[in-house]
Amino acid sequence: MFVGVHPLAGFDKLLHYRVPESLRAHMQVGSLVRVPVVNRLHLGIVGEIGPPRDFPLERLKNVAQLVHPFPALTGDLLGLARWMAAYYACGIDTIIEAMLPAAVRNGAGLKQEKLLALARPLGIDELETLNRRAPQQAKLYAFLAQQFKPQKKSLVLARLGITAATAAALVKRGVIREEIRRIERVAYADDWSTGELVATQPPALNPEQRAATDALAASLHAARFGVTLLHGVTGSGKTEVYLHAVHEALAAGGGVIFLVPEVALTPQTVARLRGRLEAIAPGHRAVVWHSHLSEGERLDGWLALATGETRVVVGARSAVFAPVQNLRLIVVDEEHEPAYKQDETPRYHGRDVAVMRAKLADALCLLGSATPSLESFANAEAGKYALLQLTQRIDDRRLPDIDIVDMRIEVMSSRGLTTLSRRLVNAMQARFERREQTILFINRRGYSSSMLCTECGHVEECEHCSIAMTYHRADERLRCHLCGAERPAPARCPKCGSPKIRWRGLGTQRVEEAVRRVLPRARIERMDTDTMSRKNRFREVLAQFRAGKIDILVGTQMIGKGLDFPNVTLVGLIDADISMHIPDFRANERTFQLLVQVAGRAGRGDRAGEVVVQTFTPQAESIQFSRHADFAGFAASELKMRRDFRYPPYRHLIHHLFRGPNPEKLQFFAEQWARLVERELGNRVELRGPSPSPIEKIKDEYRYQLWYFTAAVTKVVADLARLRAGFPWPEDIVQVMDVDPVSLM
DNA sequence: AGCACGCCGACT
DNA sequence: GTCGGCGTGCTC
């Protein structure tokens, strides 16, 4: 008997081994084994059963040990690992490592990391010779000499672009020293298992909820892959719908994964969820899974699931890898949350991975949100995902009125005062007189500003990529952050010729001043990163606001969190469209989400609140969204961390990008990379040739360099005016390519 | 990742 | 000639 094993030894290759008689009984795909690699034992996962295709059988070594009698990875998980390795362009070993808790990977083997530190300082002449004879070592020495603490080896090597051999040479000479530190997890009392299990009576469902649960029950009954998007406004009782689906899946003998964003994993939430679960599906105890568990707790939970003793897991994004048997349902609550994105290797998106896992396990994936992400919404629109809507609030609170104010008209009619519209000022005065509160939200998702004409609303775009170009004040030029194109900033609007063209972005101070002018007696407080330097200031201001000691709160994104002030009946959104021109669709998306959150909370129980949205582009025809920017960003940040990107085609491209000014080779690998991206992402890639900038500059700006090769852009059209009609995501989604993980298999 | 191998420039 | 630095390729 032969097996192909993915060793967890730091490289991405399937190695074959002979299985001794004694280990054959329980050996299967997904088994955790210990195998010899070179002269050391490593853990590995059996990836296939059978002999190697191009390796002589007589040279095969034996499997040393079978760690568990049951498979550590279920079949769908192994398939998922393969898919992730291709989709996120990383080694399968890193993914398998992420799938197994540290304690499982080795009984006592705690994770270790290597650190580098200076051992003895070098004398002047020694340094001199080093500089001359071994520039790489000198670079490393210079770096370490500046550090106070030992630094992580892998990071240092990646940053400086040097190999382990360089470090080894210095270690051998005793100039630097290598330390090994065990990374131990902080043990942490699980107050969730002891938290009071309030076995609340399941509340009666309203007709909408009933319809949704019926539809889900039907889908679950079919026992086929499917994705359902549950779009329910804030307070419409999504959780109750989830729980009925969970019950249905459990009753059918299936397993369930319930994902929540990390922030939502508070003891209270989990206790409540558990309580409800107990009430609705008696006898089922859920495993709780998150990053703060101790090794032992993780192991317990993992074993309970892997052996089939428990069939439900509630947890943060990594719970998507839980070894749940006979998986029937994956719930992704608040699916739009950016917390589902992992920003360390292996980089992945928990929601997309959930969809894919459901596909591989023939299970149902239920995505829920009050503000679905654009990609999920688009997939629902396209009919790939089923859509269920909950439009009524359980508490029957009315949705606020939304006014869109066209600031172009304001600018024309009232010259001078253009920060606040008449509409907003009147509304604010009314609140002040009634002793109600106002929030002014300044949409200033900074860093990049675009060129906007205040006369006609025209925004300068890149001719290749069709995204708004970024204005760089220093040299008065416009740049495209996607393809790197640039040109001088125009003095007049290219469309209507007006000189009133300016870069956007109002400061909080300016808004505050404007408010003071119209409401001199009101108590106003400003809240942004500048004024909130002191740590407690933030809470202080919020407390004062809640206590009614502040009439008007002016702030940026910061006020979006924890926004539940009962006396706020007016929310003003200044420069609502500014982020529409940022060449990053996530920024646009976040603005929508925030707006919906803010708006959903304006108003007092009895009376609907009011939301005033100020914009220069009320009929924004086209907002651009780019999947490529997202992926390239992903890849770029990956590359930042590791010099030798392991996925072979990338590895070579990157190597030549970083190492040699060799245009032919560079082009060859760029083409290879482009083809890879085309294949993996299904998008067209336009190759524009090597960057004109000198190679030294590329090192600093390789992000743009990478983007330079991937200028295919996906277009989505959204209409801000749609906000009038409830809380929708843009309905006019024309085309969203490649946002459905399953289509990219 | 860790290790062996081999090329290449530098210098007792 | 030899030695050390450093890139390259392999691990069943």
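Attention here is on the structure that accompanies the text. (Residues numbered from 1 in each chain as written. Chains lettered and ligands numbered in written order. Predicted model: local features only at pLDDT ≥ 70, side-chain atom pairs only at ≥ 80, totals over all residues. Heavy atoms only, no water.)

**Here's the deal with the overall build of chain A**
The secondary structure content of chain A amounts to 24 helices and 31 strands. Per-residue burial for chain A yields a buried fraction of 54% across its 745 residues. For chain A, the share of sequence-separated contacts (at least 6 apart) that also reach a separation of at least 24 residues comes to 74%. Accessible area of chain A: about 33200 Å², with a carbon and sulfur share of 51%. (Helix = DSSP H or I, 4+ residues; strand = E, 2+ residues; numbered from the N terminus. Buried < 20%, exposed > 50% of the residue type's maximum accessible area, 1.4 Å probe, protein only. Contact = heavy atoms within 4.5 Å. Areas by Shrake-Rupley, 256 points an atom, 1.4 Å probe, with all protein chains shown as cover.)

**Structural notes on the pattern of salt bridges**
This model, assessed by the stated rule, comprises 13 salt bridges. A salt bridge links Asp-76 to Arg-357; the shortest N-O distance between them is 2.8 Å. Residue Asp-76 is found in helix α1 (residues 75–87), and its partner Arg-357 is found in helix α13 (residues 350–361); the two are separated by 281 residues along the sequence. Classification of Arg-357 as buried rests on a relative accessible area of 0%. Where Arg-351 meets Glu-335, a salt bridge forms, and the shortest distance between an N and an O atom there is 2.9 Å. On the criterion of sequence distance, the pair formed by Arg-351 in helix α13 and Glu-335 in the loop between β14 (327–333) and α13 is long-range, its members being 16 residues apart. Relative accessible area serves as the criterion here: at 2%, Arg-351 is assigned to the buried category. Because the salt bridges share partners, they merge into one network encompassing Glu-335, Arg-351 and Asp-352. (Salt bridge = Lys/Arg side-chain N within 4 Å of Asp/Glu carboxyl O.)

**Quick word on the side chain of His-16**
Structurally, His-16 is set in strand β2 (residues 15–18). Given a relative accessible area of 14%, His-16 falls into the buried group. A distance of 3.3 Å separates the side chain of His-16 from the backbone oxygen of Gly-50, its partner in a polar contact. Among all residues touching His-16, those that are not within four sequence positions of it are Val-3, Gly-4, Glu-48, Gly-50, Pro-51, Pro-52 and Leu-60. (Polar contact = N/O pair within 3.5 Å; in protein donor to acceptor, adjacent residues only side chain to side chain.)

**A look at the packing of aromatic side chains**
Under the criterion given, the structure shown has 3 aromatic pairs. Pairing Phe-70 with Trp-302 gives two aromatic rings, centres 6.2 Å apart and planes at 45 degrees, and the pair type is tilted. Taken as a pair, Phe-70 in the loop between β6 (65–66) and α1 and Trp-302 in helix α12 (residues 295–306) lie far apart in primary sequence, 232 residues in all. Assigned by exposure class, Phe-70 and Trp-302 land together as buried. When the centroid spacing of 5.6 Å and the interplanar angle of 85 degrees are considered together, the rings of Tyr-242 and Phe-258 count as edge-to-face. Of this pair, Tyr-242 sits in helix α10 (residues 238–251) while Phe-258 sits in strand β11 (residues 255–259), and the two are 16 residues apart along the sequence. Exposure remark for Tyr-242: the relative accessible area of 0% places this residue in the buried category. (Phe/Tyr/Trp six-rings, centres within 6.5 Å; stacked < 30°, edge-to-face > 60°.)

**Details of helix α5 (residues 135–145)**
Within α5 the residues assigned to the buried category are Gln-137, Ala-138, Leu-140, Tyr-141 and Leu-144. Taken down its axis, α5 places every buried residue within 165 degrees of arc, on the same side. (Arc of directions from axis to C-beta.)

**A short note on the sheet that holds strand β1 (residues 2–7)**
Here 6 strands make up an open sheet; going across it, the order is β5-β2-β1-β4-β3-β6 and the pairing mixed. Looking at the sheet topology across the chains shown, the edges are occupied by β5 (61–62) and β6. Bridging between strand β3 (residues 32–37) and strand β4 (residues 40–49) involves 6 bridges; their strand directions are antiparallel. In the sheet register, Val-35 faces β4, and the bridge partner there is His-42. (Pairing = 2+ DSSP bridges.)

**Points about the nonpolar core**
In terms of nonpolar packing, the biggest core is built from 51 residues, with Leu-80, Leu-100, Val-313, Phe-321 and Cys-365 touching the most fellow members. With 7 residues, the top contributor of residues to this core is α1. Here this core spans two domains, since at least three of its residues come from each of domain 1 (2–105) and domain 3 (191–394). When residues no more than four places from it in sequence are discounted, the contact partners of Leu-80 are Met-99, Phe-321, Val-353, Met-356, Arg-357 and Leu-360. Of all hydrophobic cores here, the second largest spans 31 residues; its members include Leu-220, Leu-243, Leu-273 and Leu-388. (Core = buried A, V, L, I, M, F, W, Y, C linked by side-chain atoms within 4.5 Å. Domains from an automatic or database assignment.)

**Focus on helix α16 (residues 422–433)**
Taking 1.5 Å of rise per residue, the 12 residues of α16 would be expected to cover 16 Å, and the 17 Å separating its terminal C-alpha atoms lies within 8% of that figure. Within α16, burial applies to Leu-424, Val-425, Ala-427, Met-428, Arg-431 and Phe-432. In a view along the axis of α16, the buried residues occupy a sector of 165 degrees, so they form one face of it. Just beyond α16, the residue with positive phi is Arg-435, at close to 60 degrees. (Expected span 1.5 Å × (residues − 1).)

**Section: the pairing of β1**
The two faces of the sheet receive side chains in turn, since in a regular strand these alternate between them. In terms of burial, β1 is a largely internal element, 6 of the 6 residues being buried. Relative to β2, β1 runs antiparallel, the two being bridged by 4 bridges. Within the sheet, the bridge partner assigned to Phe-2 lies in β2 and is Arg-18. Bridge count between β1 and β4: 5 bridges; the pairing is antiparallel. Of the residues in β4, the one forming a bridge with Gly-4 is Glu-48.

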